[in-house]
Protein chains: 2
Amino acid sequence: MVQKDMTKDKIIEASWELLQQEGLESFSMRKLSKKLNLTVSSIYWHFASKEAIFQELIHQVIGEINISLTQNTWQEQLLEYGYAISEVLRSRPYSAQLLMAYPPKAPNYLKLIDNLLKIIEHLDASHEYKFYTISVYLNYIINFEMDLMYLKLNSDKEDLLSTADRLKTSAPLLHQMKQEGIFNKLGHRNMFDYGLHVLINGFESNLT
Amino acid sequence: MVQKDMTKDKIIEASWELLQQEGLESFSMRKLSKKLNLTVSSIYWHFASKEAIFQELIHQVIGEINISLTQNTWQEQLLEYGYAISEVLRSRPYSAQLLMAYPPKAPNYLKLIDNLLKIIEHLDASHEYKFYTISVYLNYIINFEMDLMYLKLNSDKEDLLSTADRLKTSAPLLHQMKQEGIFNKLGHRNMFDYGLHVLINGFESNLT
DNA sequence: ACCTGAACACCGTTCAAGT
DNA sequence: ACCTGAACACCGTTCAAGT
């Protein structure tokens, strides 16, 4: 058998398409079955559940992260990795939402965490703090990509923040910032960079 | 009219109960109606949608944050606020999930963001960076409480990480940490503190 | 002003039955 | 080994009709 599980691959392929079109919330097995010209029940022959499909998607997207760690301080390596993760998540719409919705379980996800732990392994801190450091780091990256997706979706309708005049008196600073149009500059690369540096500098002054 | 909207209050009260019992995912209008001895459709007379109920919950829980800013540096104030937010979120099960699921919209939520912005208002940075700083800060706190909830729910079944032997070779560091039982120490207060200090120290070295 | 009943258009998952 | 049809037990929301 040269080719194995062709339909399984097709289901995953169609799932990526459906996810891009519908988002995580509106992704349904019935829509997926229509896309594949299959019955819903036959999808269940290939995958045990909807979550099993999602776990496979998570496995794949994280497998697409490719990185060559040329830099040698752990700070530089975390930066490089951060960019690489961010890039892959952006190339697969709603994959950040997927990572947020389910705890790490896919083999590639666990391997990624292990690789990140290796980067800070030599530092003088307990395993708890190291693990937690990587959690905070990953949460930051995933959250950034999630917010970015949200901003992209709502860039047309202008009430990113309730447009009411109430805002002017109850949250004057926020109101002012909104008037200045800062929400158009939020998802930019320099923001991502700033946050990543905040974390890494923070790790530096607290981990050792 | 001395008392206004008694049923509206009852619906909110029952919603808190239902949220605690079922979590966000399993919260349904039909279950809520049963709890209230009402029809589903009559709930819709009081609230336009399920989200409208959730927005009211968000409004309430954030309104419960009470804080007396005795400290005077912005770093100390962000710390104090962080503890206060964390405490309220923990007192209302699944409220962190609620905040994650919906963008800031409830009046009290916007007011909170404004108060936090005020704390760093005097710093020498652009409004974009200040707003983003507060976003990162809030995301951290909310995420911590979410993860804590998840840990609490899964403390019984031991496969917090896939228990497979595969882990030993593909993610050896993670495997080792798991053996050491670090996952029992993750949700603790010193972890929250560490992360909050990481952020604040990071802000300090990047914002100015 | 407030509530009911019934319906619409969906869900994820299971399972006997087919080929 | 793979797929179908039908069913089960749910969803959020709407709306004419009641009091």
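Residues numbered from 1 in each chain as written. Chains lettered and ligands numbered in written order. Predicted model: local features only at pLDDT ≥ 70, side-chain atom pairs only at ≥ 80, totals over all residues. Heavy atoms only, no water.

1. Considering the packing of helix α5 (residues 74-91) of chain B against helix α8 (residues 127-153) of chain B
Residue and element names in this part refer to chain B. The interhelical angle for the contact between α5 and α8, taken along N-to-C directions, is 35°, at an axis separation of 10 Å. The two elements α5 and α8 meet at a crossing, and its hand is right-handed. In this structure, α5 contributes Leu78, Tyr81, Gly82, Ile85, Ser86, Leu89 and Arg90 to the contact, and α8 contributes Tyr137, Leu138, Ile141, Ile142, Phe144, Glu145 and Leu148. When its residues are assigned to classes, the contact of α5 with α8 shows ten nonpolar, two polar and two charged. (Axes fitted to C-alpha atoms, helices over the stretch in contact; angles between N-to-C directions. Helix = DSSP H or I, 4+ residues; strand = E, 2+ residues; numbered from the N terminus. Left-handed = near helix turned anticlockwise from the far one by under 90°. Contact = heavy atoms within 4.5 Å. Nonpolar A, V, L, I, M, F, W, Y, C, P; charged D, E, K, R; others polar.)

2. Quick look at the domain arrangement of chain A
All names here are of chain A. Considered domain by domain, chain A is made up of domain 1 (2-47) and domain 2 (63-207). For domain 1 versus domain 2, the separation of C-alpha centres amounts to 29 Å. In this assembly, five residues from domain 1 lie in contact with seven residues from domain 2. Summing the contributions of domain 1 and of domain 2, the shared interface buries around 590 Å²; its carbon and sulfur component is 80%. (Domains from an automatic or database assignment. Buried area = accessible area lost by both parts, 1.4 Å probe.)

3. Quick word on the environment of B:Leu18
All names here are of chain B. Counting through the fold element by element, leucine 18 comes out in helix α1 (residues 6-22). Sequence spacing of leucine 18 and lysine 35 is 17 residues, and the spatial spacing of their C-alpha atoms is 8.1 Å. Among all residues touching leucine 18, those that are not within four sequence positions of it are Gly23, Phe27, Ser28, Lys31, Leu32 and Lys35.

4. Looking at the UniProt feature "domain: HTH tetR-type" (unreviewed entry) in chain A
Using the residue numbers shown here, the UniProt feature "domain: HTH tetR-type" (unreviewed entry) corresponds to residues 5-65 of chain A. Span residues 5-65 of chain A is 75% helix and 0% strand, its end C-alpha atoms 24 Å apart. (UniProt positions renumbered as here; feature names shortened; annotations may be inferred.)

5. Quick word on the UniProt feature "DNA-binding region" (unreviewed entry) in chain A
Here, the residues flagged by UniProt with the feature "DNA-binding region" (unreviewed entry) are residues 28-47 of chain A. Helix makes up 75% of residues 28-47 of chain A and strand 0%, whereas the separation of the span's terminal C-alpha atoms amounts to 14 Å.

6. Side note on the interface of chain B and chain A
Contacts between chain B and chain A engage 56 residues on the former and 56 residues on the latter. Summed over both sides, the interface of chain B with chain A buries roughly 4800 Å², with 69% coming from carbon and sulfur. It is B:Glu128, B:Tyr132 and B:Tyr194 that lose the most area in chain B upon contact with chain A, and together they represent 15% of the buried surface on that side. Across the chain B-chain A interface, the total number found is two salt bridges. A salt bridge links B:Lys185 to A:Glu128, with the nearest nitrogen and oxygen atoms 3.4 Å apart. One can count 14 residue pairs in polar contact (both at pLDDT 80 or more) joining chain B with chain A. Secondary-structure elements contributing two or more residues to the side of chain B that touches chain A are α7 (107-119), α8, α9 (166-170), α10 (172-179) and α11 (189-207) of chain B. (Salt bridge = Lys/Arg side-chain N within 4 Å of Asp/Glu carboxyl O. Polar contact = N/O pair within 3.5 Å; in protein donor to acceptor, adjacent residues only side chain to side chain.)

7. Looking at the protein's contact with DNA strand D
Inspection of the region around DNA strand D gives 18 residues, with A:Thr39, A:Ser41, A:His46, B:Arg30 and B:Tyr44 positioned closest. When residues of the surface near DNA strand D are traced back to their parent elements, those giving at least two are α3 (40-46) of chain A together with α2 (29-36) and α3 (40-46) of chain B. Here the surface near DNA strand D takes four residues from α3(A), the largest share from any one element. Within the surface near DNA strand D, the residues separate by chemical class into six nonpolar, eight polar and four charged. (Near = heavy atom within 4 Å.)

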